[in-house]
Each structure stands twice: as structure tokens, then as C-alpha cells.
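Inside the fold
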Amino acid sequence: MRSKQSGRRRFLKEGAALAGLALGAIRPASGQEPGSEQPGVSSGGFRAYGERSRFVTSVRTLDPSGQLSPLQDSLGIITPSGLHNVQSRGYDPPDIDPRQHRLLIHGLVDRPLTFTLAELKRLPSVSRIHFIECSGNTGRTALEEKAATIQQTHGKTSCSEWTGVLLSLLLREVGVQKGASWLVAEGAEKGNRTESIPLEKAMDDVLMAYGQNGEPLRPEQGYPLRLVVAGWNGGINVKWLRRITLVDQPAMSKQEVGTLVPDGKGGWRFDSAMAQKVHYAEMPPKSVITFPSGGQKLPSRGFYEITGLAWSGWGAIRTVEVSTDGGRTWKDAPLQEPVHRKAHTRFRFAWNWNGEEALLQSRCTDERGNVQPTLAELSKAMGVNSDYWQSDYWKSTATSERYGLNAVQPWKVARDGGVQNAMFS
Ligand SMILES: Nc1nc2c(c(=O)[nH]1)N[C@H]1C(S)=C(S)[C@@H](COP(=O)(O)O)O[C@H]1N2
Ligand SMILES: [Mo]
């Protein structure tokens, strides 16, 4: 499968720094052996791999489809790797030895190639901050009354700094043939998750990532190699990536039934449930107040900083507005700079709680001008009443993966300071 000669020729063309890359596995410079002694280090408090203080106890929780990120405790925009949400459809992370791992790129290409991890790491790299959000985030759990906390309503999104190689660079390397219009990515776990990506997206901002937040990917996030398909439905971000096949039509794998339209074209379509035109895979603009949020308690009246996260698969967040009076008035909340495209964006809003009942909400607008709707606005546009969102129809498997639902999340602060999910009050 490997085509060393032609691969080498291409690398040489692209610059001397890459010369010889495809000639074979490169030995990484020998680093610290795991478990080796650390002479000369005084013992006081030394921890070879740092762990957090025993007073910090925030953890992921389980739900039927995965592990939810504790957004209620989040600070800034980065999710610590150990708290990143995990969606693996029941499969344990495979125990992959990076020295054995290979990435194969083949199909409608001029030069099929396999890459070792060491080879991939020699290529020009980029680091980018992007969220990965499961299509099921608020598709269902947010609307169930038992979803009391933000971890339950929105915990299927997380945001990391990903480091790796742009997929477009590798695709140029193998030489995509004229007839190719899609690629199919395959994971190495037992279920071999298979996802199709239009070539146009693959050539744009898809990352072949081996790094997460300054260190190698965590096994749960796809160690040693995964796709980061910026802004698109998390399900497409194939973990434990081992194969990419260039093809002339999408695979329509079992994971894609229900997300890809039967003609396999993807693109834009009118979603009757959303009463608007949506892209089949780009996550729409969403925001949520992380503090104060469901399950938390304000100890007394007085000053608080309301804070939360906003994100959009359609690009950058432009504005976030906060309302503390049940939606009668909205004020701009300052955004943490710089704002990254297709990344969690932190907003902060000074608030003096007068001790009365308060309804807190946030809504965002992205660079395309798309505004996050309230559930009432969505219902009105669709001609349904609020019962619809709790109907068996909505909860059925056919609709539960609907990624489009991006309604404003209201939290109610009661007089005793307790905070509750107020999606239905
Ligand atoms: N190989 C493989 N890749 C996968 C999955 C999987 O089960 N196997 N789950 C997908 C789903 S459904 C989502 S939402 C994202 C979640 O990425 P994370 O677990 O790193 O948050 O990974 C995707 N990539
Ligand atoms: Mo997912």
C-alpha cells in the first residue's frame, strides 16, 4: 500500500525540512523513560505527574450515551482533558501502542500512503481551540424535567486546544483524484466507527490531532490520533483514527443513518422541527449560563458575576446578551478575548441580586448573524405548544439525535438562593 518513492518526491517538493520523511519510521529522540528515578530532586511535594488538590472534586458523570462534562465548575474556555466529555457509544478506548499504530490514506488518490505517528509529528503542525459537541447535547436531556444541572443539560460539549496536522496537507500529499468528493474516516475501536466528510470540509479546517491541551490525547479522546472536524457534529470527529478512504459518495454507515439525507448530499436543508434552514452537520449557535446554574445555591443577596459559555459551529460568537428579568430586558455581556472561531467563548456579566426570584438567561449571536432562539420562539415558529417538547414523538429515537435544538436555557433563582432548571416554567 505504501508508495515511498512518490511520497518522497512530493515531500521534497514541499520543502527541505520534510525531505526523507516518507522513507520510514523516525525514531523519536529518547526522552525520560517512564518510571525512571529522578536523582537530585528533593522529595518535598514532588509529583512526577501532577494531580489536582484533594479539595477539588469536580468529576464527569454518566448518562446513557456517555460521560458528561461538569460545565458548572468550568473557568475560562478550556475543558481540562480529564473532564472532557466522552462519547464512545459504549466502547472502551482501545489500548493502542503508538509505535504500532498506522494511518492509511487510500482510495481515489494518486499515492496511497501509510503514516506512523512519528512521521505525522514531523509535519508542519497547528494548534487550534475548538469545541467538540455531541449532536445529542440538549437534543433530549435538556428537555427532560429530571435534567436538573447544566452537566445534564449541556455536558456533552467540551473545548480543548488541539494540536496536529491539517488534513488538507495530507490530502495534498496523497494527491486526491478528480472523481473524489467525500472521504470516509474509520476508527480502530471494536465498533470501527465510520463517518463520511465532504471533501470541501476536509480541505478546509479539519485537523488530524495528536495533542490535547499541551499533551498527547487522552485515550477517551482518541489516543493516539483523532479527527477534529471544526464546528461539526461531534459524532464525525472520529477517534482512534486508522484509515481514510477517498470516495465518490458517502459511506452511509450505520452511524450516519438519520444525519445524512438518503441521497448522501449533506449540505443545507429545511428542518421542519427547527422551522429553519440548517446545515446537516454544523452545530448552531448556543449559549448557557454556567454560574449560577441548576443545583447551585446563592448564599445571600448581593454581588455575583454571572458567567457562561457560548459557541457556534458556524464560526465566531459575535455577541452574548444576558437577561436577569425573565426576558424583558437584555444587555450585552462582555466576551473573553480573543474569541476563537468554533470554540467555547466565555462571557461574564456583573449582577446584583436583590434577593427576589429571578430568571437568568443568555442568548448569543454568531458571525453569520444567527440568533439563538428561546424555546417559546421555536415553538411559535413551529406552530406547537410546549407539550410538544415532552411528547413521545420528540423523545423517540428518530428525533433524539436532532442536533439543531439550541434553545435559550433559563435558570430560576428562588428566594432561598436555590437555582433550578426553568425550561418549562
Ligand atoms: N472511533 C470513534 N470515534 C468517535 C466516537 C466513537 O464511538 N468511536 N464517538 C463520536 C461521538 S458520538 C462524539 S459526540 C465525539 C465525542 O468526542 P469526545 O468523546 O472526545 O468528547 O466522538 C466521536 N468519535
Ligand atoms: Mo455524539
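Keep in mind it's a predicted model, so treat the numbers as computed, not measured.

Next up on the list: the sheet that holds strand β4 (residues 113–116). The strand order across the open sheet formed by five strands is β4-β3-β12-β7-β8, and the pairing between neighbours is mixed. In this open sheet, the two edge strands, each paired with only one partner strand, are β4 and β8 (194–198). In this sheet, adjacent strand axes meet at a mean angle of 20° when their direction is disregarded.

We now examine the environment of Q221. Structurally, Q221 is set in the loop between β10 (215–216) and β11 (226–229). Note on Q221: relative accessible area 1%, which makes it buried. For the pair Q221 and V238, spaced 17 residues apart in the sequence, the C-alpha separation amounts to 9.4 Å. The residues contacting Q221, other than those within four sequence positions of it, are S81, H84, N85, V86, W162, Q212, R226 and K239. Within polar-contact distance, the side chain of Q221 engages the side chain of H84 at 3.1 Å.

Further remarks concern the sheet that holds strand β22 (residues 419–421). With antiparallel pairing, five strands are arranged side by side in an open sheet as β18-β17-β20-β21-β22. Unpaired on one side and paired on the other, β18 (331–332) and β22 mark the two borders of the sheet. As defined by bridge partners, strand β20 (residues 358–366) adjoins strand β21 (residues 411–413) across three bridges and the pair is classed as antiparallel. In the strand pairing of β21, A358 is matched with V413.

Moving on: unusual backbone geometry. In the segment running from Y223 into P224, the intervening peptide bond is cis, with an omega of 5°. Positionally, P224 belongs in the loop between β10 and β11. The linkage connecting E337 with the following residue, P338, adopts the cis geometry, with an omega of -5°. Relative to the elements of secondary structure, P338 occurs in the loop between β18 and β19 (345–353). A positive phi is found at N213, a non-glycine position, where the angle reads about 50°.

Right, let's talk about the site of ligand 1 for a bit. Around ligand 1 sit 20 residues, and of these N85, Q87, E189, R226 and K239 come closest. One nitrogen or oxygen atom from the main chain of S88 is found 3.3 Å from an oxygen atom belonging to ligand 1. The protein chains hide 99% of the 530 Å² of surface that ligand 1 would expose on its own. For the shell around ligand 1, the per-class residue count stands at five nonpolar, nine polar and six charged.

Scoring rules and cut-offs
- Counting of residues starts from 1 at the beginning of each chain's written sequence and follows it residue by residue.
- Chain letters start at A and ligand numbers start at 1, both assigned in the order the entries are written.
- Only residues with pLDDT of at least 70 are given local features in this predicted model, and only at 80 or more are side-chain atom pairs given and counted; all residues enter the totals for whole chains, interfaces and linings.
- The basis for every side-chain value is the complete set of heavy atoms in the structure, and neither hydrogens nor water enter the calculation.
- Strand pairing follows a simple DSSP-based rule, namely that at least 2 bridges must link the two strands.
- Put simply, DSSP marks the helices as runs of H or I at least four residues long and the strands as runs of E at least two long, and each gets a number from the N terminus on.
- Convention adopted: a line fitted to C-alpha atoms gives each axis, helices being fitted over their contacting stretch, and angles between N-to-C directions are expressed from 0 to 180 degrees.
- Throughout this description, buried means an accessible area under 20% of the type-specific maximum (1.4 Å probe, protein chains only), exposed means over 50%, and partly exposed covers the range between.
- By definition in these notes, contact holds between two residues if any of their heavy atoms fall within 4.5 Å.
- Counting of polar contacts relies on pairs of N or O atoms within 3.5 Å, with two restrictions inside protein: one atom must be capable of donating a hydrogen and the other of accepting it, and residues adjacent in sequence are counted only when both atoms are side-chain atoms.
- When at least one non-hydrogen atom of a residue lies within 4 Å of a molecule or strand, that residue is treated as near it.
- Only the protein chains shown count as cover for residues, and all accessible areas are computed by the Shrake-Rupley method using a 1.4 Å probe.
- In this count, Pro and Cys sit with the nonpolar residues alongside Ala, Val, Leu, Ile, Met, Phe, Trp and Tyr, while Asp, Glu, Lys and Arg are called charged and the others, Gly among them, polar.

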